[in-house]
Amino acid sequence: MHFTLSDERRMLGETAGRFLRERYEMELRHAAAAEPDGFSRTLWAEMAELGLIGALIPPEAGGFGGAGEDIALVFEHLGRGLVVEPFLASGILGAWPLVRAGETALLEQAIAGETLLAFAHGEPEGRYDLAEVSCRADGADADWRLSGRKAVVANGDSADWIVVSARTAGEPGERAGLGLFLVAADAPGLDRRGYGTVEGGRAAELTLAETPARPLGPVGEAYPLIEETVGRGILALAAEAIGLMEVCREMTLDYLKTRQQFGRPLGQFQALQHRMVEMTLEIEQARSAVMLAAGTLEADRSTRERNLAAAKHLTGRVGRLVAEEAIQLHGGIAMTWDYALPHYAKRLVMTDHLLGDTDHHLERFIALGREAGAAA
Amino acid sequence: MDLTYTADEEAFRAEARAFIAENLPPSLAAKVKGGKRLAKEDYELWHARLQSRNWLAWSWPVEQGGPGWGPVEKHIFEEECVAAGAPRIIPFGVNMLGPVLLEFGTPAQKAHWLPRILDGSDWWAQGYSEPGAGSDLASLRTRAVREGDHYVVTGQKTWTTLGHHANMMFCLVRTDPAAKPQAGISFLLIDMATPGIEVRPIVTLDGEHEVNEIWLEDVRVPAENLVGEENRGWTVAKFLLGHERTGIAGVAYSKALMNRLKRVAAAQRKGGKPLAADPLFAARMARLEIDLMAMDIFNLRVLSEAKAGTAEGANASLLKIKGTQVRQEATDLIRRALGPYAMPYLPEALDEGWNGEEIGPAGANPVANQYFNMRKLSIYGGSNEIQKNIVAKAMLGL
């Protein structure tokens, strides 16, 4: 057993870190978030050029990474940079079904950053349950029509191609009877209402009315692929959260060492020292859970999903602690827009609203454990 | 022990409710309940309505224009106001400076400023915190130098809530830099129109403008605007902070949030059932409700002691800590309850008159930002860490 990264991955990490430090300043980030798409096309192209999208895609699909360790590495850096570009939507969630379906031509454009992908799965009533799909698909062979609604689709307003889940049979809540389909942004019957999200991203509400779509993989049996896709997204978000937490911790530590009250630095007060220690300890725990999930991304379903649920639960729990403690230990300055910290804290807290919150993954962890126990 | 309100107190509640129903415009209540931005005029209207019944200056004696309520009446009235969606009473004039002038003001100061607080002529701001003086307020550095009939003030104040609406500011300034920190401070009333004052907005993490920085450069303040003795301002400051802490538990606000949480959890679906029926979420809500119920009684215990004249300062600190924890937890759960629909945010939807289509469940839009905004509760008015220091020292003798 060892925990060291390969030379290639170390270089990838250094490249990402250097770019984000030198090029991705907070002012640029805010400016990017304020653009109509919610991100900067220029910075996106530069990051694609550096290979940061390709690192998320396996070699057989035209990328040069795609393993759990690659995803974790890249997303931790993206978290540190508080990046708003659509890595999750286009590089992970939109891309993985295309990888499995062998859609290499489209993937090539996506890796180059020229085409944007999104993954439209959640629905207004669905909360975080992956089988709560009522969007309908009717058709045969390569010719299908989708009707229904999709909720809070990350970067759904700027995507060129959207992977949409829909039901060909059964009822919402059932795992059987699901399909994944590819929908063009300009397809007839597709209505997109884009909006900003509270932590600085973009999302969209989608309405599909007899919208033409092409199936990805066998229709009716897409649940395992949906789970796999979302699983990679969970790993990405959990790793990103580690990067966010590290920055929160570093900024808070720096503040405690420099801010003077009562004639000495705040960091000399033992009550505050202990809270910093608590934060540090919990972040190490969360990081460890993410490493475990990253290292078992290719393992059997039960192991993989349980470790992912553990990582998402723990990063959600620790994320809230770190966000709230970082703000509290700073005091008023952390309540101001012009200071970087609250933007990290907001992203960290709102990550819990993506792909299942702490409660969802706690329940999932319990259920997966029972399934494994019953099978043994 | 009797845990019920007396008949008189219940009659007062009915009277308060009727008054609010008659005087609070429904459009204003809808703005407050919908988390919309309030204009200066909204607050002024509500202040005027309350004053029309002599109900604005709760903390003042009857002979000075107060309603003569005890702590329980004040608590009941606050509960009714919050439940009805009334704007909060802006405390700086009526609940902070008013009691200070009553205690420390000269007859001339009382005669001039008190009526102007009641009739809304002045909107007061609080000039306490400075960039380098937060929890350690006594380290403030804004200087006031006496020159003839004036003090000349130079320095910077921060976190000045609604300072952009204010025409007057009460301000802690250092008049004796050689003395010990607490000993060289004075309390001045400053006209915001005086040359040398600049108000700069601070945009908070939710993208909103409520607090400000106030820059003062050679601001000439008439010496008659000194409240209390020169260099004895710390006594005044502490007296005022004591008043800031009455009602600090915010029980009324927590109750309103608890009701809102229950409504949201009943409407949200999880696995085909209401979220409120989900065991995990129901447990989270129940824990919060138990904390709130206990805090309600704790608060009433402290209030009835105050009624008997035996209020203990450290209890206010305990209530502040628990009150902010409960309120913050409530906003956390409302945010959680919304699931993915806590994400969308349309800032324009907080404007009066916006009639676009909401995204997700009704009222979801401001929820996440309210959670972030409420982080301030444990920071301002004496951070929770400072409150713990007070309790450790004053109550536990540590």
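Shown above is the structure to which this text applies.
Residues numbered from 1 in each chain as written. Chains lettered and ligands numbered in written order. Predicted model: local features only at pLDDT ≥ 70, side-chain atom pairs only at ≥ 80, totals over all residues.

Chemist: What is the right way to look at the overall build of chain B in this model?
Modeler: Looking only at helices and strands, chain B has twelve helices and ten strands in total. In terms of overall dimensions, chain B is globule-like: its C-alpha atoms have a radius of gyration of 22 Å, near the 21 Å expected for 398 residues. By its C-alpha atoms, chain B is 75 × 50 × 50 Å across when sized along the principal axes. Among the 398 residues that make up chain B, the fraction classed as buried is 42%. (Helix = DSSP H or I, 4+ residues; strand = E, 2+ residues; numbered from the N terminus. Rg over C-alpha atoms; globule rule 2.2 N^0.38 Å. Buried ≥ 20, exposed ≤ 12 C-beta atoms within 10 Å, placed from the backbone.)

Chemist: Help me understand the packing of helix α1 (residues 7-23) of chain B against helix α4 (residues 71-84) of chain B, please; the structure alone is not making it clear to me.
Modeler: Between two packed helices, both the angle of their axes relative to each other and the distance between the axes serve to describe the pair. All names here are of chain B. Close contact between α1 and α4 brings their axes to 9 Å; oriented N to C, the two are set at 35 degrees. As for the relative orientation of α1 and α4, their crossing is right-handed in sense. Side by side, α1 and α4 meet where E9, F12, R13, A16, R17 and I20 of the first sit next to V72, E73, I76, F77, E80, C81 and A84 of the second. Looking at the contact of α1 with α4, its residues break down into eight nonpolar, no polar and five charged. (Axes fitted to C-alpha atoms, helices over the stretch in contact; angles between N-to-C directions. Left-handed = near helix turned anticlockwise from the far one by under 90°. Contact = placed C-beta atoms within 7 Å. Nonpolar A, V, L, I, M, F, W, Y, C, P; charged D, E, K, R; others polar.)

Chemist: Sorry, what's going on with the interface of chain B and chain A here?
Modeler: Frequently, the measure chosen for interface size is the accessible area removed from exposure when the parts meet. Opposite the 34 residues of chain B that make contact, chain A presents 34 residues. Every element with two or more residues in the side of chain B that touches chain A is listed here: β6 (197-203), β9 (269-270), α9 (279-307) and α11 (367-373) of chain B. Taken together, the residues that form the side of chain B that touches chain A break down as 17 nonpolar, ten polar and seven charged.

Chemist: It is not clear to me how helix α3 (residues 40-52) of chain B should be interpreted in this structure. Could you clarify?
Modeler: Helical geometry note: an α-helix holds 3.6 residues per turn, so side chains three or four residues apart project in the same direction. Residues and elements named next belong to chain B. Helix length check: α3 (13 residues) gives 18 Å between terminal C-alpha atoms against 18 Å at 1.5 Å per residue, within 8%. Listing the buried residues of α3 in full gives W46, H47 and L50. Angularly, the buried residues of α3 cover 100 degrees about the axis, an arc narrow enough to put them on a single face. Away from its buried face, by an angle of more than 90 degrees, α3 presents the exposed residues E41 and S52. N54, located one to two residues past α3, shows a positive phi value of around 65 degrees. (Expected span 1.5 Å × (residues − 1). Arc of directions from axis to C-beta.)

Chemist: I keep staring at the pairing of strand β7 (residues 202-220) of chain A and nothing clicks. Help me out?
Modeler: Regular strands show a simple pattern: their side chains alternate between the two faces of the sheet. All names here are of chain A. Where strand β3 (residues 143-154) meets β7, eight bridges bridge the pair, whose relative direction is antiparallel. Bridge pairing in β7 places A154 opposite A203. With three bridges joining them, strand β5 (residues 178-184) and β7 adopt antiparallel strand pairing. Residue pairing for β7: L180 is matched across the bridge by L216. (Pairing = 2+ DSSP bridges.)

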